[in-house]
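# Tertiary structure, described
These are the residues of each chain, in order.
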Amino acid sequence: MKYLVLLLFTILLFLNNDSLALWEQDEAAYAGFAYNMLETGNFIIPDFEWSWPHRKPPFHFWMIAASYSIFGYTEFATRIPSVLAILFSLILVYYFSKRLYSQKLANWASLVFMGSLLLPVYGKIGMTDATLVFCFIGSYFSVLSYLESKKNQWLWWLLFFTSIGVLTKGPPILITTLGSLGLAFVLGKERREFLKLLIFSIVSLIPFIIWAGLSWHQDGGEFLLWWVDWYILKRTTGTVNNHTGFIGYYLLIFILCFLPWMLFLPHALKRLFLDFIKREKSSQLLFQSTWLISGWLFYEVLTSKLPSYAFAVLPIWFIYIAQSIINFKTNSSKFIRYSSLALGVFFIIVGFGIFVFKNKIPFDNLELTYLLVICLLFIFGVLYLIQIKIPWLQHRLPEIAFIFAFGLHLIAWGIALPAFESTRRFPKTISEKLVSLNSSPKHVYFSADYSMSSLPVYLAWNGYRFNTSPRENYDQHTMDTLRYSRHKLFMLQRRNLHCLDSILDSFKLTTIYGFKSDKGFVDTFFIAERKGLKASQP
């Protein structure tokens, strides 16, 4: 049965990855970086049009570039590294849970992983978060395995996972590993062991230092200094792009992530708190506590916040929720049984609310999605209500939670997002229109940075080159380019359409309306096609 569940989870991770357009902003930017690396041969400094805020250390972009070299430039290839990162993360959870705890706990920890609401999402979007989760999980379990066995092989695995984590996103994995091991070294009794772990964590910086040196040699430190300022100084002393939140933000994120398992969360949190208090009783418990402090509580008080910052503590959640499930299976809890009644009522109320207000949701083509979600909520709401009278059903509340989570994911990725795709794929629609004009040479001039990173990516995949008007004095620059350049294809926004006022007769205009999914509003763009250009294809 477990192999069937793994197969279904793998199918879910690949489902519609070839047909959903790139997500703005990050995924599209990373696709552009990987494309540019292959085309220019510069694998050191990531760079692409309209994507400068998303530049990071290059490991994840190397993985996408490797995927492109095998599968070509497609959305499917962009997402393969994230799919593999989540699958390998699942393997790590299963292997280490079995090794450190038991077969039964390994089975349930894996199901908790697959039945979370966020981790499958990270596997379906080509972002750095999936790779970072893989490194967090590997680093955490490598330390636990070393403390349990004292075998040096786990020090090398710690070095491996931490090195990749730093080359993927920089500080987050260092803050957690160095912070937790440093605290454990100060507070613990086995200082020699924690010192060895600290040394290997510091040595893991060597690949990053080599990359940083090559980057500095290439541009005199311009990119590296920008990265330190943007991702370290600004985010530790304030916020960037309003990425902030309240104290308790990450606790809420974890509750949402494990919402299908909410019946088992109170017991898991209680046991986690008790073990935190008893941390002096073993080096493993001490390390777990310091990992929680450095990988979670530190970020709760930090002003800058993003969901993946605190995902270092995910493996602890897997273990404790799995233990709570096993405890329930062994000694059925009245609290969980009666809490499931409240959950059943909640599901039915939410399902009824969607049914009543579905016509007020401002998106088309989602009727089937609403119907399936309503049915799912009603079916599982009824199951949670009637379990109190049916012992067989009572005993299977964890299985019900997993099936519910899997059903939500199938509806979201198999039906809802494909139905929403015609609204969401606005940049891809523009690129397809530009490509259909069959311009020679293949070149597009953009009147400004439209903050749609996927638009130049799709054009680049089709062999197009492009220029963007500079931020300073872009209006005048656009007007001069329209008048005096030999470019044949231009894109303009409504705000700079006046640049064509006196030369409109020289151009054929095509208007394109679309929804900018990352901004949440409809925008208007114009393709200006210089007359005399080869006729558009039907």
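So, a few notes on the structure that sits alongside this text. Since the structure is predicted, the reported quantities are computational estimates derived from the model, not experimental observations.

### Remarks on the overall build of the protein chain
Along the protein chain, the regular secondary structure elements total 23 helices and five strands. The C-alpha radius of gyration computed for the protein chain amounts to 26 Å, which stays within 12% of the reference 24 Å derived for 538 residues, consistent with globular compactness. In terms of overall dimensions, the protein chain has C-alpha extents of about 80 × 60 × 40 Å along its principal axes. When each of the 538 residues of the protein chain is scored for burial, the buried share is 54%. For the protein chain, contacts bridging at least 24 residues in sequence account for 74% of all contacts bridging at least 6. Put simply, the protein chain shows about 23,500 Å² of open surface, and 66% of that area lies on carbon and sulfur atoms. Where the 48 positive side-chain charges of the protein chain centre and where its 32 negative ones centre are 10 Å apart.

### Looking at the packing of aromatic side chains
In this description, an aromatic ring pair is defined by two values, namely the gap between the centres and the angle between the planes. All chains considered together, the criterion is met by 62 aromatic pairs. The positively charged end of Arg 424 is found above the aromatic ring belonging to Trp 23, 3.9 Å away from the centroid.

### Considerations on helix α22 (residues 454-461)
Owing to its 3.6 residues per turn, the α-helix aligns residues three or four sequence positions apart on the same side. Burial runs high along α22: eight of the eight residues are buried. Along α22, the positions that sit buried rather than exposed are Ser 454, Leu 455, Pro 456, Val 457, Tyr 458, Leu 459, Ala 460 and Trp 461.

### A short note on the nonpolar core
In this structure, Phe 9, Phe 113, Phe 258, Trp 261, Phe 318 and Ile 321 are the most contacted members of the largest nonpolar core, which totals 120 residues. It is helix α7 (residues 128-149) that provides the largest number of residues to this core, a total of 13 residues. Not counting residues within four places of it along the chain, the set of residues in contact with Phe 113 comprises Phe 9, Ile 86, Ser 89, Leu 90, Val 93, Leu 119, Ile 137 and Phe 318.

### Considering helix α2 (residues 26-40)
Given a rise of 1.5 Å per residue, 15 residues ought to cover 21 Å, and the 21 Å separating the end C-alpha atoms of α2 matches this to within 8%. A large share of α2 lies buried, amounting to 11 of its 15 residues. Among the residues making up α2, those that are buried are Glu 27, Ala 28, Ala 29, Tyr 30, Ala 31, Gly 32, Phe 33, Ala 34, Tyr 35, Asn 36 and Met 37. If you follow the buried residues of α2, they end up packed against α3 (59-71), α4 (75-100), α7 and α22. Gly 41 sits one or two positions beyond α2 and adopts a positive phi of about 80°.

### So, the state of the cysteines
Taken as a whole and assessed by the stated rule, the structure comprises zero disulfides. Of all cysteine sulfurs in the structure, the one in Cys 257 sits closest to Cys 135, which takes part in no disulfide; the separation is 18 Å. With relative accessibility at 0%, the residue Cys 135 sits in the buried group.

### Side note on the pattern of salt bridges
Under the counting rule described, the total for this entry stands at nine salt bridges. Here Lys 428 ties to Glu 75 by a salt bridge, and the two come within 2.8 Å at their closest N and O atoms. You can see Lys 428 sitting in helix α21 (residues 426-436) and its partner Glu 75 sitting in helix α4, a full 353 residues away along the chain. Two residues, Arg 99 and Glu 148, come together in a salt bridge whose shortest N-O distance is 3.0 Å.

### What to know about the side chain of Ser 97
Its place among the elements puts Ser 97 in helix α4. On the basis of relative accessible area, Ser 97 is assigned to the buried category, the value being 0%. Every residue in contact with Ser 97, bar those within four places of it in the chain, is listed here: Leu 92, Ser 102, Leu 105, Ala 106, Ala 109, Phe 141 and Ile 319.

### Structural notes on the packing of helix α13 (residues 249-257) against helix α15 (residues 283-301)
The interhelical angle for the contact between α13 and α15, taken along N-to-C directions, is 125°, at an axis separation of 8 Å. Of the possible angle classes, the one that applies to α13 and α15 is oblique. Residue-level contacts link Tyr 249, Tyr 250, Leu 251 and Phe 254 of α13 to Trp 296, Tyr 299 and Glu 300 of α15. Within the contact of α13 with α15, the residues separate by chemical class into six nonpolar, no polar and one charged.

### Some details on the environment of Thr 168
Within the secondary structure, Thr 168 sits in helix α8 (residues 153-169). In this structure the C-alpha to C-alpha distance between Thr 168 and Leu 132, which are 36 residues apart in sequence, comes to 6.8 Å. Dropping the residues within four chain positions of it, Thr 168 is found in contact with Lys 56, Pro 57, Phe 59, His 60, Thr 128, Thr 131 and Leu 132. Here the side chain of Thr 168 touches Ile 164 through a polar contact of 2.7 Å, landing on its backbone oxygen.

### Some details on the sheet that holds strand β4 (residues 507-516)
Here five strands make up an open sheet; going across it, the order is β2-β1-β3-β5-β4 and the pairing mixed. Among the strands making up the open sheet, the edge pair consists of β2 (465-468) and β4. Recorded for the sheet is a direction-independent mean angle of 25° between the axes of neighbouring strands. Relative to strand β5 (residues 521-530), β4 runs antiparallel, the two sharing 10 bridges.

### Considering the packing of α7 against helix α16 (residues 314-330)
Across the interface, α7 lies against α16 with an axial gap of 8 Å and an inter-helix angle of 70°. On the basis of the axis angle, α7 is roughly perpendicular to α16. Contacts between α7 and α16 involve Val 133, Ile 137, Tyr 140 and Phe 141 on the former and, on the latter, Leu 314, Pro 315, Ile 316, Phe 318 and Ile 319. Of the residues belonging to the contact of α7 with α16, the class tally is nine nonpolar, no polar and no charged.

### A short note on the side chain of Ser 82
In this fold, Ser 82 is placed in helix α4. Residue class for Ser 82 comes out buried when judged on its relative accessible area of 0%. Among residues more than four places away in sequence, those in contact with Ser 82 are His 60, Tyr 122, Gly 123, Ile 125, Gly 126, Met 127 and Ala 130.

### Considering a nonpolar patch on the surface
Where nonpolar side chains cluster on the molecular surface, the patch consists of Leu 195, Ile 199, Val 203, Ile 206, Ile 210 and Leu 214 and spans about 500 Å² of accessible area. Contributions of two or more residues to the nonpolar patch are made by α10 (191-203) and α11 (206-219).

The rules behind each value
- Numbering of residues starts from 1 in every chain and runs along the sequence as written.
- Restriction of local features to residues with pLDDT of at least 70 applies here, the model being predicted, together with a cutoff of 80 or more for giving and counting side-chain atom pairs; totals for whole chains, interfaces and linings are based on all residues.
- In computing side-chain values, all of the structure's heavy atoms are included and hydrogens and water are not.
- In this text, helices come from DSSP runs of H or I with a minimum length of four residues, and strands from runs of E with a minimum of two, each type numbered from the N-terminal end.
- Atoms considered for the radius of gyration are the C-alpha atoms alone. The globule rule reads 2.2 Å times the number of residues to the power 0.38.
- The rule is simple: take the accessible area with a 1.4 Å probe, protein chains only, and divide by the maximum for that residue type; under 20% is buried, over 50% is exposed, in between is partly exposed.
- Contacts: residue pairs with any heavy atoms within 4.5 Å of one another.
- Working definition of accessibility: Shrake-Rupley area with a 1.4 Å probe, residue cover restricted to the visible protein chains.
- Here Asp and Glu are counted as negative and Lys and Arg as positive; His is not counted, and neither are the chain ends.
- One atom stands in for each charge, and that atom is NZ of Lys, CZ of Arg, CG of Asp or CD of Glu.
- By convention, a stacked pair of Phe, Tyr or Trp rings (six-membered ring in the case of Trp) has centres within 6.5 Å and planes under 30 degrees apart, an edge-to-face pair has planes over 60 apart, and any other such pair is tilted.
- Think of it as a cone above the ring: NZ of Lys or CZ of Arg counts as a charge over the ring if it is within 6 Å of the ring centre and within 35 degrees of the ring normal.
- The set of buried Ala, Val, Leu, Ile, Met, Phe, Trp, Tyr and Cys residues whose side-chain atoms join them within 4.5 Å is what this entry labels a nonpolar core.
- Residue count minus one, scaled by 1.5 Å, sets the expected span of a helix.
- Counting rule for disulfides: a pair of cysteine sulfur atoms within 2.5 Å.
- Here, a salt bridge means any side-chain nitrogen of Lys or Arg that lies within 4 Å of a carboxyl oxygen of Asp or Glu.
- Helix axes are fitted only over the stretch in contact, all axes being lines through C-alpha atoms; the angle between N-to-C directions runs from 0 to 180 degrees.
- Any angle between 65 and 115 degrees counts as roughly perpendicular, while under 35 counts as roughly parallel, over 145 as roughly antiparallel, and the rest as oblique.
- Three classes are used, and their members are as follows: Ala, Val, Leu, Ile, Met, Phe, Trp, Tyr, Cys and Pro are nonpolar, Asp, Glu, Lys and Arg are charged, and the others, Gly among them, are polar.
- As used in this structure description, the phrase polar contact means that two N or O atoms lie within 3.5 Å; if the pair is within protein, one of them must be able to donate a hydrogen and the other to accept it, and residues adjacent in sequence are counted only when both atoms belong to side chains.
- Here a strand pair is declared whenever DSSP counts at least two bridges between the two strands.
- Each patch is built from residues that are more than 30% exposed by relative accessible area and take part in no salt bridge. Like charges join if they lie within 9 Å; nonpolar side chains (Val, Leu, Ile, Met, Phe, Trp, Tyr) join within 5 Å.

Scope: geometric values only; no functional claims are made or implied.
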